[in-house]
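# Structural overview for review
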Amino acid sequence: MKPYKLLFYLLLCSCVFNTTITKAQSGDQILDGIGETGLIARYVFNGDAKDWSRNNLHGEIHGEKHAFVDDEKFGTVLSLADNAYVSIPGEVVSAEESISVVGWVYLHSDQKVQYFFNFVNHKNAHFLVAPVGNNNEKGFLTEITTSTGKKYKTNSPALEINKWYHIAIVLDTPSKSLRTYVNGKLAGQTNTIALELQEVFNGNSAKKNALYIGESLLEAKLHDFRVYRIPLSQQQAERIYNNALHNEETVVNERKEPEDNLPVFSKDTPQLYNKYITTVPDIQVETTVGYLPRLPRYVKAVYQDGIQEQRARVLWPAPKDNNKVLKAGKYTVTGHIAGTAITPKAIVTVKETGNLATPKRTLAAFNLNQVTLNADLHGHSTKFIENRDKFINTLANTNPDAFLYMFRNAFGQEQPKGAEPLGVWDSQETKLRGHATGHYLTAIAQAYASTGYNKELQQNFANKMQYMVNTLYQLSQMSGNPKTTGGEHVVDPTAVPPGPGKTDYNSNLSIDGIHTDYWNWGKGYISAYPPDQFIMLENGATYGGQDTQVWAPYYTLHKIIAGLMDVYEVSNNEKALEIAKGMGDWVYARLSKLPTSTLISMWNRYIAGEFGGMNEAMARLYRITKDDNYLKTAQLFDNIKVFYGNAGHSHGLAKNVDTFRGLHANQHIPQIMGALEMYRDSHAPEYYRVADNFWYKTTNDYMYSIGGVAGARNPANAECFTSQPATLYQNGFSAGGQNETCATYNMLKLTRNLFLFDQRGELMDYYERGLYNHILASVAKNTPANTYHVPLRPGSVKHFGNPNMTGFTCCNGTALESSTKLQNSIYFKSKDNNALYVNLYVPSTLKWTEKSITVQQTTAFPKEDFTKLTIKGNGSFALNVRVPHWATKGFFVKINGKQEKVRAVPGTYLSINRKWKDGDTVELRMPFQFHLEPVMDQQNIASLFYGPVLLAAQETEPRTAWRKVTFNVEEMGKAIKGNPEKLEFTIDGVLYKPFYETYGRYSVYLDVSLKEQ
C-alpha cells in the first residue's frame, strides 16, 4: 500500500502579489511530479513544524524569536530571528543513499555564517548551506565534510536580501555529484564526490544526527522545507519552483514520459539469444465470444548455429477492451520479438461456445502446527529459521499495550501505566493508525501456532492473544451503548452523527481534535479512530492529510478483522469472533444502502478507497458463521471497474482484459485474492477468472526478477504497475524504488490459493521465486528490520526499517506475517487425503495427522541440489513432487536407494503413487545450472540465477551504469568461478552472492552480452 500523511500543496497560498488561488493536488499521491515514496519529510511552516509527509518526522522550533507571519507570496510562513531555529529528527537522513534538500528562504541580513540548514553528527561530519558564505569564503556555499575529513563544496553568488529564493541541494551519490539549484536553475556543481552518506550521517543511531534548519539566521523567513531520498534532476527542481508560483499544474500523475530515463539501447539491435533467432512460427489460439485469448508469452523459436534455446519472448499488444472477440470468427494478433524485425502472429479463432469450466478447490493446506522448520542436513540454521527467529523473539518482547494505545485513545480510555504508542503510521494524528494492530494479531496467532517447539514462547503468545482480544472486546462492546445508564446513544450504524459540536464529519485525530463519543458510533464498531473516515469515503473524500481527507479506512479494518479471525482459528477465542462479526454487521449496514455507482467510485479512488482484502475477510467470516449477510458484504467490495470493466460487466479481468495497468499495485492485489475467496464460497466462475487472469498477466508482464511486480517511472509512482504491460524497461525501474514488499506478500498469498484450485507448476515456481528472492531477502542481517521497497537499479542498497517493532509501514506489518508462517506452503494435501504435494525443498517435518504419517525432509537446499524425504508410518497415497522450471539438466529420483526411471518435465509435478511403508525414503536430485532472466522489453538487461537463487553482484561503490558481463552463448558457466556449496561465485573478479544474503550495495540486473566459442 502507498499511504501518505500529507503532501498537499497549500490550498490558500496565493501567486505573486496574492492574485491566484492554488489548485489542490489530486489525491496527494504525487507532489510536483515526484511519487511520495521519494519524499522523507516536508515542513510547510504554515503554523507549526509538523512533518506533512506520511512519516511523522515532526520538527521542533527553538528560541523565543520565532513567529508565524503573513506573507504576500506564500500566506503563512515561519519567521526566525536572533538564532531561533528548527530541529528535525535524525531519522530524516538515516540509511539513505542519496539526498535532496529543498526549500524557500527569505533573508533580511547579509551577514556571513547563516545556515539555511546544518546537518551534523557526533563525529564532526556535516552537510550545510550558507547562503551568504562563512568566515572564510564569500558567496552561496554548500559544504560536506565526512567523518574521515574529506571535504566537498560548491560555491555560487550569494543570495540577495529581502527576496524569496528557492534552493535545492542534491547529493547524488551514484553519479558522485553535488549540485546546487537556485530558483530552479543550476548554480553550482562538483562531480568529484566520493562518499557514502553513512560517512556523513549515522544510519544505526539516528539520535547521533543533529539536524537544524535556519540555524544562526539573524532574521529570515522559511517556507516549505523538504527532504527527498532521491537525487532530484534539474527538471524536477525547476518544476518544484515553478509549481509553487503557479506556472504549472501540480497534478502530474498522468505524466507520459519517465522523469529519469535509464540508458537507452537501440530498439533495432537484437540482444542475448534473440540475435540467433531465424524464425518464429505462427501459433493457433482459440477463445470464446467475449473473452480475449490468453496468448503465450513464450513461444518456440528456431535458432541458428545450433543454439539450443527453445523459447522466445513475444511482446503482444494489450487491448483495453474485448471488442475483437464480440462475435465468432477469426482475427490475427501480431507481436514482435524485442530488438528484431521478427513479428510472430497468433491466429485467433473465436467460437460461440467453448470450455469455460473453472476448477474446484481440490487441495487443502496443513495447519502451521503440523509443519516444523528444521536445521539443514549439516546441522546449520537455514535462512527460514534465521528469519523466523528474528521475528518470533522480537515479537515475544513486544508490549501489547503499544498496539492497543490508539484504540484506547479513540475510545477516550485511560492508558495503562508504562504504555507507549507506536510511531510512524500508528501515531496520534495518522489516519491509518491501527493497521499495525491487525498485523500484530495475525503474527502472534501464527507465532502461537508455530512455537510448539518451545512451550514458554507459545504461552507468551497465548497470553498476548488473550489480552489483546479482551481489551478490544471491551471497547467494541462500548460502541453504540450509553456512557451512563439511560444516556444518549446511537445503535444504528447508518445513523452515526458528526462528533460533538461539529456540523460535519472530519478526520482530525489530534489530541485537541479527536472525538471519543463511542456511544454514537453504532453497535459493534471497533477501530483506532472514530467512524468519520468511513462515512467521509462514502461522501466522496479523497486520500490525503487534510481534515477533509481520509487514508484507506477499510484497509485498516481488513487487517483488524483478519487478525481477529486468525486468533479465533488457532485458539477458539469466541470473543475474537464476536468482535469480527460486530464490525462485519456494522459494515453491511452501511454499504448495503449505497448505490452501485457510489461503490464503484469508492473502490476506484486512489488509496482512499483501498480496502485491502475486505472481500476476502467477509467471505471468510461467512465461511465460519454461515451468515449470508457476510457473503453479501464481500460482494459489495467488488471492484467492478477492474473486475468487469463497467457496471454492465462488459469486459474487465473476468474476460481477460488488462484493466489494472498503471494502477497502484498493492491496492489491487488483495482485491484479487478476495475475488478468489468469493469464488470458493459463491462458485461464481467469473471470480476465478478475475484471479487467474490477473495472476497470469502480472507475473508475465509486470514482474521483476525477484518476484516483485511494482515500480513504475511511468506513471510517476514507484508503487504502481507500469502504464503499459511488458514495458518494464521503458516504464519501470523507478528511481524511487521497486518491488513493494507487501505487494509480493500478497502475490504469494494469491499464488498459494490459486494452486489449491489448479496444480500448475508455474504457480509454485513463482512462489519459490518470490519467497527466496524477495521475502527472505527483505530482512536485515541481525534484526527483524525489513524492507519497504527493494531497489534494483545499478549499485542499489536495501533499506531496512522497524528493528524493534515500534513503528510500522505497511510492509513492516506484512513482514510480521510473512516471517511467522514461512512453513505454510512447503506441503499441501488433497482434500480426500489421498495425495501429498511437496512444493518447496526446505528442511522440515510434516505431521500428516489424518493419515498417521510423518514426512521428514532432509536437505541443505538451495546450497545443495538434493533432498531426501523419509516416510514414517504406513499408508497409500500419491506423492507429488515439484519439478522446478529451472531443472533443465534433469530431475533424478531414488526410492529406498534405487534409481527410478521417471519422465520429469520442468515446470510440472511428478507423481509417485504407491503403498508407503514405515522408513521408506525418496531422494530427489535436480542439478542446478546458471540461467538468465531478462527484462521482457530489453533482453540484455538480465538477472543471473543459479537454480532458484538470484545472484547479486556485490558492489563496492555506487554506480550509475549497469554492470557489464559477457557469457559464452553455449555454456554460461565458463565465465563463472566459485563454490556452489556456499553459493558464492566470481565473474571478472567480482563476487556474486544470493540476494537473500546480500546486505550491502549490489547489482541485481546486469548488462549481458553473449560471445560465441
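Rules used throughout
Residues numbered from 1 in each chain as written. Predicted model: local features only at pLDDT ≥ 70, side-chain atom pairs only at ≥ 80, totals over all residues. Heavy atoms only, no water. Helix = DSSP H or I, 4+ residues; strand = E, 2+ residues; numbered from the N terminus. Buried < 20%, exposed > 50% of the residue type's maximum accessible area, 1.4 Å probe, protein only. Contact = heavy atoms within 4.5 Å. Areas by Shrake-Rupley, 256 points an atom, 1.4 Å probe, with all protein chains shown as cover. Lys, Arg positive; Asp, Glu negative; His and termini not counted. Charge placed at Lys NZ, Arg CZ, Asp CG, Glu CD. Salt bridge = Lys/Arg side-chain N within 4 Å of Asp/Glu carboxyl O. Pairing = 2+ DSSP bridges. Axes fitted to C-alpha atoms, helices over the stretch in contact; angles between N-to-C directions. Phe/Tyr/Trp six-rings, centres within 6.5 Å; stacked < 30°, edge-to-face > 60°. Lys NZ or Arg CZ within 6 Å of the ring centre and 35° of its normal. Core = buried A, V, L, I, M, F, W, Y, C linked by side-chain atoms within 4.5 Å. Patch = residues over 30% accessible without salt bridge, like charges linked within 9 Å, V, L, I, M, F, W, Y side chains within 5 Å. pLDDT = per-residue confidence, 0-100. Polar contact = N/O pair within 3.5 Å; in protein donor to acceptor, adjacent residues only side chain to side chain. Parallel < 35°, antiparallel > 145°, perpendicular 65-115°, else oblique. Left-handed = near helix turned anticlockwise from the far one by under 90°. Nonpolar A, V, L, I, M, F, W, Y, C, P; charged D, E, K, R; others polar.

## Remarks on the overall build of the protein chain
Of the regular secondary structure elements, the protein chain holds 18 helices and 49 strands. Scored against the burial criterion, the 1013 residues of the protein chain give a buried share of 64%. Of the contacts made within the protein chain by residues no fewer than 6 positions apart, 69% connect residues no fewer than 24 positions apart. If you sum the accessible surface of the protein chain, you get close to 36,500 Å²; carbon and sulfur atoms cover 46% of it. Across the protein chain, the 104 positively charged side chains and the 98 negatively charged ones have centroids separated by 6 Å.

## Comments concerning the pattern of salt bridges
This structure, assessed with the given rule, holds 40 salt bridges. One salt bridge in this structure joins Lys50 and Glu429, with 2.8 Å as the shortest N-O distance. Linking Lys50 in the loop between β3 (39-43) and β4 (60-62) with Glu429 in the loop between β27 (423-424) and α4 (435-450), this pair joins segments that are 379 residues apart in sequence. Across the pair Arg680 and Glu677 runs a salt bridge, and its minimum N-O distance is 4.0 Å. Note that Arg680 and Glu677 are positioned in helix α13 (residues 665-682) at a spacing of three residues, about one turn of the helix.

## Quick word on the sheet that holds strand β19 (residues 283-288)
Spatially, three strands are ordered β19-β24-β23 in an open sheet, and the strand pairing comes out mixed. In this open sheet, the two edge strands, each paired with only one partner strand, are β19 and β23 (329-334). For this sheet the average axis-to-axis angle between neighbouring strands, irrespective of direction, equals 25°. Strand direction decides the pairing type here: β19 and strand β24 (residues 345-351), joined by six bridges, are parallel. Note that in β24 the partner of Thr287 across the bridge is Val350.

## Some words on the pairing of strand β34 (residues 853-859)
The two faces of β34 differ: Ile853, Val855, Gln857 and Thr859 on one face are buried, but Thr854, Gln856 and Thr858 on the other face are not. For strand β33 (residues 844-848) and β34, the ladder comprises five bridges, and the chain directions are antiparallel. Across the sheet, the residue bridging to Lys847 is Thr854, located in β34. Joining the antiparallel neighbours β33 and β34 is a turn of four residues, in which Ser852 adopts a positive phi near 55°. Where β34 lies against strand β35 (residues 866-872), six bridges are found, and the strand directions are antiparallel.

## Comments concerning the packing of aromatic side chains
Each aromatic ring pair is specified by the distance between its two centres and by the angle formed by the two planes. Evaluated as defined, the whole model comprises 69 aromatic pairs. Measuring from centroid to centroid gives 5.9 Å for Phe265 and Tyr729, while their planes differ by 55°, and the two rings are tilted. One end of the pair, Phe265, is in the loop between α1 (234-244) and β18 (277-279); the other, Tyr729, is in helix α15 (residues 728-731), and 464 residues separate them in sequence. For the ring pair Tyr518 and Trp519, a centre distance of 5.0 Å and an interplane angle of 75° mean the geometry is edge-to-face. A network of ring pairs unites the aromatic residues Phe411, Tyr518, Trp519, Trp521, Tyr525, Tyr529, Phe534, Tyr554, Trp586, Trp603, Phe611 and Phe637 as a single cluster. One cation-aromatic arrangement involves Lys626 over Tyr622; the distance from NZ or CZ to the ring centre is 5.9 Å.

## Some words on the nonpolar core
Ranked by internal contacts, the top residues of the largest apolar core, which has 253 residues, are Tyr554, Leu591, Leu879, Leu944, Phe967 and Phe995. Considering each element in turn, this core owes the most residues, nine residues, to helix α7 (residues 553-571). Apart from the residues within four sequence positions on either side, Phe995 is in contact with Ile706, Asn773, Ala777, Val790, Leu792, Lys798, Leu950, Ala952, Tyr1002 and Val1004.

## Regarding a negative patch on the surface
A contiguous patch of negative charge, built from Asp305, Glu970, Glu971 and Glu1012, is present on the exposed surface. With respect to the helices and strands, the residue Glu1012 is situated in the segment after β49 (1006-1011).

## Points about the confidence of the model for the protein chain
Averaged over the protein chain, the pLDDT score is 92; the fraction of residues at 70 or greater is 96%. Here residues 1-28 is modelled with pLDDT under 50, and outside its nearest four sequence neighbours on either side it reaches 127 contacts, counting other chains as well. Confidence drops under pLDDT 50 across residues 248-256; counting only partners more than four residues distant or on other chains, this segment forms 25 contacts.

## Regarding the side chain of Glu997
With respect to the element layout, Glu997 can be found in the loop between β47 (990-994) and β48 (1002-1003). Exposure remark for Glu997: the relative accessible area of 17% places this residue in the buried category. Within the structure, Glu997 has its side chain in polar contact with the side chain of Lys863 (distance 3.3 Å).

## Quick look at the sheet that holds strand β25 (residues 363-365)
If you walk across this open sheet you meet the five strands as β25-β31-β32-β36-β39, and the pairing is mixed. Bordering the open sheet on either side are β25 and β39 (908-916), each of which pairs with just one other strand. Across the sheet, the axes of successive neighbouring strands diverge by a mean angle of 25°, strand direction being ignored. Inspection of the sheet shows strand β32 (residues 835-838) paired to strand β36 (residues 875-883) by four bridges, in the parallel sense.

## With respect to the packing of α7 against helix α10 (residues 614-625)
It is the contact of α7 with α10, at a shortest axis distance of 9 Å, that shows an interaxial angle of 30°. Considering their axes alone, α7 and α10 lie roughly parallel with respect to each other. Two packed elements cross with a definite hand, and for α7 against α10 that hand is left-handed. Touching Tyr554, Leu557, His558, Ile561, Ala562, Met565, Asp566, Tyr568 and Glu569 of α7 are Met614, Glu616, Ala617, Met618, Arg620, Leu621 and Ile624, all from α10. Within the contact of α7 with α10, the residues separate by chemical class into eleven nonpolar, one polar and four charged.

## As for the pairing of strand β15 (residues 185-190)
Relative to β15, strand β14 (residues 177-182) runs antiparallel, the two sharing five bridges. Across the sheet, the residue bridging to Tyr181 is Leu186, located in β15.

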